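For reference, the chains in residue letters:
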Amino acid sequence: DDIFSSAFCENSEKLINVHLFALAAKYYSLSNLGVCTPLEDVLEALKGDSGGATGIKPDEFMNNKKSHEVQVMSELVDNIANYCGIKQVIDIGSGKGYLSSFLSMQYNLKVYGIDSSSSNTNGAHERNRKLKKHWRAYQSRGTENLKSRSLEKANDRPVESEIKCKTISEELLNNANSLQNQDQVIIQDLVPSCGFTEMATPSTSTETEADLVTGTQSHETKLSEEVLAILNVLPADAVEGFSSSHYNCGELCEEEKVQRKMTSLKTKARKSSESNLYFPLTSCITAETELNEIITDLEDCMMVGLHTCGDLAANMLRIFTAKPEIKAVCSVGCCYHLLSEQFENQEECHNQVWGFPMCQYLKDKGWCCGRNARMSACLALERVAVGQMLPTESLFYRAVLQVIIEEIYGVTKSDRHVGKTFSKSSSFIDYVRRSLKKLELDDSKLPDSCIMDYYEKYKHRMNELEAFNMLKVVLAPCIEVLILLDRLCYLKEQENIAWSGLVKLFDPVKSPRCYAVIALKNQSCS
């Protein structure tokens, strides 16, 4: 601390050593403090399979950022759920249901997605409906992949002689003819509507009929497991039953047994639908929310949140510690600038639940960040480091606009927001006039020449503004550390928590808010 303090002038407290300032910021960043638990260690402790499940690829329905987030987080959530022996997941701030639907379809979890926006919930319903429509395409694609893998394996497999089957489709006969020199024959799969194929290992000339039947049954069992795995990718109510009209291969050996097997599979799929559904719900979540009033069949479950905004991340953790049904939590927060702070304003609000601080240690210290610091915590240092520079011009426009509305209109604070006006504006004049309309300020008393006078007055300071914002970016990880460690310390203060930690889930270039707060309770998760 003594070394880093020399980055500032002792008398004026102004920054005098930028290099030392940057080193201090790096030293106090989360990646350097050694308090995070590696994701690989968490998965190993949960005895999970880091390879993930096969099936739906989220990048077909999401952008690259969301796909990356959903794939990584859903695998972790599934491992935690398995470790705790639970099948119900509550996704807080679920938005359009990207994570919820993937957890349901890929991992056969029963997911309730809760969002305060009805438009998001309606969007989630529509998206879920469209995903179900694509089931046939997934089934067909899975079929082709399995065919390809079977043929690859077959080419490496020595075959001593042929197995004769009563009926072989024309396509498979062509395949068999192409492999005739190797004495290999591909027999049609016993589940033709799914299109799975498998290379049979032929018997020797002395093989008995009983041995052949035994091998066929083993083959059926393997295929049935593959079919069930495919069925479980999507809720069973989205999968049509296999009708007898789909069978085009005629009578095969043990046909009656195969039909009984398929009937059993469909029954299992229907039964699994109870645990393989996604329910989007609309509700505003607070620290006092009673989940059993929203979810009538609430059972032992875990709570998840992918980029829960502002106070919602803090409220999630409070609900988790208070409700015995919730056995685990995995929360990735965002929008730190929207956090409410207990000590930001001096007004006494005894009954309010604040987003920061959460832990008793910082409460006792009366710690306060302030809005400017929280805004800085939202910046993405890793993106800037790889060349994704800050939008300097839009930031400059916004800064000059601030001067205009203060000097011309006398406004220093407003509940209204300019929003993404810059991207819609053709010039600085256009930007100012659009912004004033959004702020409900009369722009008729402000001529174009006056607007441009302000622009010319400050444009030479644009580089200064860029340097200032770069310093904010460097400091951003340190402020984020404070917020995340506050949440972790809050969990450490609770008596019913078996384990809690911070885990870096995502690539920070793809997803800057990449840290998850994870906790498991003592009860059935031990």
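Look up a bit, the structure's there.
A brief look at the structure comes next. Only a predicted model underlies this, so the values are computations on that prediction, with no experimental measurement involved.

**A short note on the packing of aromatic side chains**
Each aromatic ring pair is described using two quantities: the centre-to-centre distance and the angle formed by the ring planes.
Here comes step 1: Summed over the entire model, instances satisfying the criterion amount to 13 aromatic pairs.
Here comes step 2: For the ring pair Phe4 and Tyr27, a centre distance of 5.6 Å and an interplane angle of 55 degrees mean the geometry is tilted. Note that Phe4 is positioned in helix 1 (residues 2-5) and Tyr27 in helix 2 (residues 18-27), a separation of 23 residues in sequence.
Here comes step 3: Note on Tyr27: relative accessible area 43%, which makes it partly exposed.
Here comes step 4: On the numbers, 5.3 Å between centres and 45 degrees between planes, the contact of Phe428 with Tyr455 is tilted. With Phe428 in helix 18 (residues 428-438) and Tyr455 in helix 19 (residues 448-458), this residue pair connects regions lying 27 residues apart in the sequence.
Here comes step 5: Members of the aromatic cluster, connected to one another through ring pairs, are Phe396, Tyr397, Phe422, Phe428, Tyr431 and Tyr455.
Here comes step 6: One residue, Lys521, lies across the ring of Phe320, its end atom 4.8 Å from the ring centre.

**Observations regarding the environment of Ala25**
Here comes step 1: Along the polypeptide, Ala25 turns up in helix 2.
Here comes step 2: For the pair Ala25 and Pro477, spaced 452 residues apart in sequence, the C-alpha to C-alpha distance is 7.5 Å.
Here comes step 3: Look past the residues within four positions of Ala25 in its chain and what remains in contact with it is Val474 and Cys478.

**Description of the sheet that holds strand 7 (residues 326-334)**
Adjacent strands of a sheet pair through backbone hydrogen bonds, lying either parallel or antiparallel.
Here comes step 1: Read from one edge to the other, the open sheet built from seven strands follows the order 5-2-1-6-7-9-8, with strand pairing classed as mixed. Each of the sheet's edge strands pairs with one partner strand only, and the pair in question is strand 5 (278-282) and strand 8 (497-504). Neighbour to neighbour, the strand axes of the sheet diverge by 15 degrees on average, direction disregarded.
Here comes step 2: Bridge count for strand 6 (residues 301-309) against strand 7 is eight bridges, and the pairing is parallel. Bridge pairing in strand 7 links Val304 to Cys330.

**Some thoughts on a nonpolar patch on the surface**
Here comes step 1: On the surface, Tyr27, Tyr28, Leu33 and Val35 cluster together into a nonpolar patch covering about 320 Å² of accessible area.
Here comes step 2: On the secondary structure map, Val35 appears in the loop between helix 3 (30-33) and helix 4 (39-45).

**Some details on helix 19**
Here comes step 1: Of all the positions in helix 19, only Cys450, Ile451, Tyr454, Tyr455 and Tyr458 are classed as buried. Seen end-on, helix 19 carries its buried residues on one side only, within an arc spanning 145 degrees.
Here comes step 2: Residues of helix 19 that are buried make contact with helix 17 (392-407), helix 18 and helix 20 (462-492).

**Some thoughts on the pairing of strand 9 (residues 515-521)**
Here comes step 1: Taken across its seven residues, strand 9 has seven buried, putting it largely inside the fold.
Here comes step 2: Burial along strand 9 is two-sided: the residues Tyr515, Val517, Ala519 and Lys521 and Ala516, Ile518 and Leu520 are all buried.
Here comes step 3: Taken together, the four bridges between strand 7 and strand 9 define a ladder with antiparallel strand orientation. Within strand 9, the residue paired with Val329 across the bridge is Ala519.
Here comes step 4: Here strand 8 pairs with strand 9 via seven bridges, running antiparallel. Bridge pairing in strand 9 links Leu502 to Val517.

Thresholds applied
- Residues numbered from 1 in each chain as written.
- Predicted model: local features only at pLDDT ≥ 70, side-chain atom pairs only at ≥ 80, totals over all residues.
- Heavy atoms only, no water.
- Phe/Tyr/Trp six-rings, centres within 6.5 Å; stacked < 30°, edge-to-face > 60°.
- Helix = DSSP H or I, 4+ residues; strand = E, 2+ residues; numbered from the N terminus.
- Buried < 20%, exposed > 50% of the residue type's maximum accessible area, 1.4 Å probe, protein only.
- Lys NZ or Arg CZ within 6 Å of the ring centre and 35° of its normal.
- Contact = heavy atoms within 4.5 Å.
- Pairing = 2+ DSSP bridges.
- Axes fitted to C-alpha atoms, helices over the stretch in contact; angles between N-to-C directions.
- Patch = residues over 30% accessible without salt bridge, like charges linked within 9 Å, V, L, I, M, F, W, Y side chains within 5 Å.
- Areas by Shrake-Rupley, 256 points an atom, 1.4 Å probe, with all protein chains shown as cover.
- Salt bridge = Lys/Arg side-chain N within 4 Å of Asp/Glu carboxyl O.
- Arc of directions from axis to C-beta.

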